[in-house]
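Notes for the structure review
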Amino acid sequence: MQFVRVLLLVAALRAALPLTAQSQYSLDGTPTGLEEEIRWRVNRGRFDTVSENLTRGTAYTNVPANAGPLAPNQEITLSARHQSEDLAKANLFQHETVPNSLYYSSTSQPNPWDRMSAEGYSWNSAGENIAAGYSGSEAVYVGWWNSTGHRVNMYNSGLREIGNGYYNLSTSQYRTYYTMDLGASGSTCFFTDTIFRDANANGTYEQSEAVAGVAIRLQVGSSPGSYYDISTASGSFAIPIQSIAGAAIVQVVLSNTTSASLTLSVPRDYNNYSTVSLAPNESRVYGTFIRPASARNIGLRDLTPVAIAPINPPPLSITASGNSILLRWNSDKSLEYQPQWSTNQIIWSGLTNIFLPGTGGIMSYLDATSGQEAKWYRLFIRKP
């Protein structure tokens, strides 16, 4: 006989601390495939709750029509994973920290938000859903969706980060234990989603379809964003956007950092996808979004895709000139060019701060800073 239980808890606190800035954002961590399957389902529903109701055969009206996607957070994920493990090993089902927890004090850290704080998360609002006995991401998500408090928790537009934790113990009463921790930290907000290829064309992310190694970079005008991220083994990524000015138009650049050709299924809305192919080391401006004035997350479904006609890249001539490197290429007046360099073919930097308008003739750039360091060069081409 299968036993199923769900519980939820919410809390709020006024003060919070900002996250530490860095080049590649790493506080999103690496969700497992199962954890990402749950996040993907929540985020699809948060984008369009009317369609979610149709999919589930329900008519719930106590959730917003649209809420930004939840970004993964490693600190919250750890608190969720540890709670699920503690519950399974103690054979309990509760939000309170279990006595003799492997990770937390049940007396001084009794609540979900205490466990989040113990992992280093600075929250100003937080919540938790727990469940047990469900077999897989779809089943546990539907269980939470069909429970009023859990549904409201998952679809709370004021919560912007998520951590899912799963633990299986065959000797415990319910065997499978799930914890979903949710939070918001000050004004921190994200561009976040899941990178995958819908190989079986069922319109649903499955962990076997994740695509790792896709770099996601943001650009405002000619200025790159302060953060970027690279999709994990489960396809997850998150990029903080709170430092970008409200109402700014942000370009989203997808780059293949691998040596293999990649095909992506990029969601346009709840049901439909665009197919995007990226050759090895290819970069492409996929679309744009307008940075909200409020602390709200943005996902791939919120983008306005950029219509891109096929571009035949010109050969890039690379010749040594003393300690410098001379780059030359044929240009097209309808295109713009930015010569770029890299030492690892993963992180690329522009040799120019702006894109150079094509002249219709041969263009050149002299990299006088080459020195003795080994470099790779490429052209980043776009249609203005």
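Scroll up a little and you will see the structure.
Here goes a summary of the coordinates provided. All of these numbers come straight from a predicted model, not from anything done at the bench. (Residues numbered from 1 in each chain as written. Predicted model: local features only at pLDDT ≥ 70, side-chain atom pairs only at ≥ 80, totals over all residues. Heavy atoms only, no water.)

**Points about the sheet that holds strand E15 (residues 317-321)**
Taken together, three strands build an open sheet; the order of strands is E15-E16-E20 and the sheet is antiparallel. This sheet does not close on itself; its edge strands, each paired only once, are E15 and strand E20 (362-367). Averaged over all pairs of adjacent strands, the angle between their axes in this sheet comes to 20 degrees, without regard to strand direction. In this sheet, E20 lies alongside strand E16 (residues 324-330) in antiparallel orientation, the contact comprising six bridges. Looking at E20, one finds that Arg328 is bridged to Ser364. (Pairing = 2+ DSSP bridges. Helix = DSSP H or I, 4+ residues; strand = E, 2+ residues; numbered from the N terminus. Axes fitted to C-alpha atoms, helices over the stretch in contact; angles between N-to-C directions.)

**Some thoughts on unusual backbone geometry**
The backbone of Asn91 sits at a positive phi, close to 55 degrees, despite the residue not being glycine. Along the chain, Asn91 turns up in the loop between helix H3 (74-90) and helix H4 (112-118). Not every positive phi belongs to a glycine, and Ala247 is a case in point at roughly 75 degrees. Mapped onto the fold, Ala247 is located in the loop between strand E9 (236-240) and strand E10 (249-256). Given the relative accessible area of 58%, Ala247 is considered exposed. (Buried < 20%, exposed > 50% of the residue type's maximum accessible area, 1.4 Å probe, protein only.)

**Examining the environment of Ser26**
Along the chain, the position of Ser26 falls in the loop between strand E1 (5-12) and helix H1 (33-47). Along the sequence, Ser26 and Tyr228 sit 202 residues apart, while their C-alpha atoms lie 9.5 Å from each other.

**Overview of the sheet that holds strand E7 (residues 214-220)**
The antiparallel open sheet is built from five strands, whose spatial order is E8-E7-E10-E13-E14. Looking at which strands have only one partner, the edges of the open sheet turn out to be strand E8 (223-230) and strand E14 (304-305). Strand direction decides the pairing type here: E10 and strand E13 (residues 283-290), joined by seven bridges, are antiparallel. Residue Ile249 lies in a different strand from E13, and its bridge partner there is Ile290.

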